[in-house]
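Summary of structural features
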Amino acid sequence: MTDRFFSAMFLLGLLASGPAFAARQDLVLSPVNTQALLHARSALTDIDGNFGDVSGALTYDLDQQSCHVDMTMNVGSLKVGSAVLKQVMLSGIMLDSDAHPVMKYVGDCRPRVVRGQLRMELAGKLTMRGQTHPLLLTTELQFQGNTLMRIVSHGSFDQRQWGMSTLLHSVDPMVRVETVILMK
């Protein structure tokens, strides 16, 4: 009798729980929900820019603690402080927007434990000026309950690796990048 009781309760529990749904979120990236920012330093001024035209997709799976990002930035949509600065940034010695009109970042989230704290990295590759190189970003996932609300990623790269000029050493070769994605 006891075996029947536990079997019946187990089956009742399965029926009551219904089908299991994976906590997966998919998002189409656009200028409405995605900011792609860059920060560089030069001898004359700091350069803060953002790409006005971004597209792509993000998939986040809560059950697997994983994400995949595939983001494209239109190089010509770069917004910086002045028209002269934009012209230099888009020129052949820097981003070369005529020959390489888009930049692309493709990466996957990797959870890590650092000093007892869960940290997330976005390990991927950045294609810029026709060259693709690894780019690792520190990533912060912000939740409301079990729902991912925002992803903020930070990193830096040496622009010389992609063949960009430092303008006779007047521009710091290290460029900081930041991406903010709102899950809406």
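Residues numbered from 1 in each chain as written. Predicted model: local features only at pLDDT ≥ 70, side-chain atom pairs only at ≥ 80, totals over all residues. Heavy atoms only, no water.

Naming follows an unreviewed UniProt entry, where the chain appears as Lipid/polyisoprenoid-binding YceI-like domain-containing protein of Gluconobacter sphaericus NBRC 12467.

1. Remarks on the overall build of the chain
This is how it is decided: For the purposes of this entry, the term helix denotes a DSSP run of H or I that reaches at least four residues, the term strand denotes a run of E that reaches at least two, and both are numbered from the N terminus. Throughout this description, buried means an accessible area under 20% of the type-specific maximum (1.4 Å probe, protein chains only), exposed means over 50%, and partly exposed covers the range between. Here, residues are in contact when the closest pair of their heavy atoms is within 4.5 Å. Shrake-Rupley sampling with a 1.4 Å probe provides the accessible areas, and residues are treated as covered by the protein chains on show and by no other component.
When its secondary structure is counted, the chain shows 2 helices and 11 strands. Along the chain, helices (α) and strands (β) appear in the sequence α-β-β-β-β-β-β-α-β-β-β-β-β when read from the amino end. Buried positions account for 38% of the 184 residues belonging to the chain. A sequence separation of at least 24 residues applies to 55% of the contacts in the chain between residues at least 6 apart. Element-wise, carbon and sulfur atoms account for 57% of the exposed surface of the chain, whose accessible area totals about 11,000 Å².

2. A few points about the packing of aromatic side chains
Formally: Two aromatic rings from Phe, Tyr or Trp, using only the six-membered ring of Trp, form a pair when their centres are within 6.5 Å; if the ring planes differ by under 30 degrees the pair is stacked, by over 60 it is edge-to-face, and anything between is tilted.
Here the structure, examined in full by the defined rule, presents 2 aromatic pairs. Measuring from ring centre to ring centre gives 4.9 Å for Phe-157 and Trp-162, while their planes differ by 70°; the resulting arrangement is edge-to-face. Judged by its relative accessible area of 7%, Phe-157 falls in the buried class.

3. Comments concerning the sheet that holds strand 1 (residues 24-29)
Selection rule: A pair of strands counts as paired when DSSP detects no fewer than two bridges linking them.
The strand order across the open sheet built from 11 strands is 1-4-5-7-8-9-10-11-2-3-6, with neighbouring strands paired in antiparallel fashion. Edge strands, defined here as strands with exactly one partner in the open sheet, are strand 1 and strand 6 (78-79). When strand 9 (residues 131-144) meets strand 10 (residues 147-158), the two strands line up antiparallel, connected through 7 bridges. Within strand 10, the residue paired with Phe-143 across the bridge is Leu-148.

4. Some details on helix 2 (residues 83-90)
Going by this rule: It is the directions from the helix axis to the C-beta atoms that the arc portrays.
All buried positions along helix 2 are accounted for by Leu-85, Met-89 and Leu-90. Along the axis of helix 2, the buried positions cluster into a sector of 125°, meaning they face one direction only. Every exposed residue of helix 2 that faces more than 90 degrees away from the buried side is listed here: Ala-83, Val-84 and Gln-87. Those residues of helix 2 that are buried lie in contact with strand 2 (34-41), strand 3 (46-51) and strand 6.

5. Regarding the environment of Arg-110
By the secondary structure assignment, Arg-110 is in strand 7 (residues 102-114). Judged by relative accessible area, which is 42%, Arg-110 ranks as partly exposed. Sequence separation between Arg-110 and Gln-65 is 45 residues, and the spatial gap between their C-alpha atoms is 8.1 Å. Each residue touching Arg-110, except ones within four places of it in the same chain, is listed here: Arg-119, Met-120, Glu-121, Ala-123 and Leu-136.

6. Here we look at unusual backbone geometry
Excluding glycine, residues mostly carry a negative phi; peptide bonds, for their part, are mostly trans. Phi at Asp-96 takes a positive value of approximately 55°, unusual for a residue other than glycine. Here Asp-96 lies in the loop between helix 2 and strand 7. Of note in this structure, Arg-115 is not a glycine but carries a positive phi near 50°.

7. What about the state of the cysteines?
Which entries qualify depends on this criterion: Two cysteine sulfur atoms make up a disulfide if the distance between them is within 2.5 Å.
Per the counting criterion, the structure on display carries 1 disulfide. Here Cys-67 is linked by a disulfide to Cys-109, with a sulfur-sulfur distance of 1.7 Å. Because the sign of the S-S torsion sets the handedness, a value of about 65° for the bond joining Cys-67 and Cys-109 places this disulfide among the right-handed ones. Within this pair, whereas Cys-67 is found in strand 5 (residues 66-74), its partner Cys-109 is found in strand 7, the two being separated by 42 residues in sequence. Here the two residues Cys-67 and Cys-109 agree in accessibility, since each one is buried.

8. Some remarks on the side chain of Glu-178
To keep it simple, the criterion reads: His is not counted, nor are the chain ends, whereas Lys and Arg count as positive and Asp and Glu as negative. By definition here, a salt bridge exists when the distance from a side-chain nitrogen of Lys or Arg to a carboxyl oxygen of Asp or Glu is within 4 Å.
Here Glu-178 is to be found in strand 11 (residues 174-182). In this structure Glu-178 is buried but unpaired, with Arg-150 as the nearest side chain of opposite charge at 5.9 Å. Among all residues touching Glu-178, those that are not within four sequence positions of it are Gln-35, Ala-36, Leu-37, His-39, Val-152, Ser-153 and His-154.

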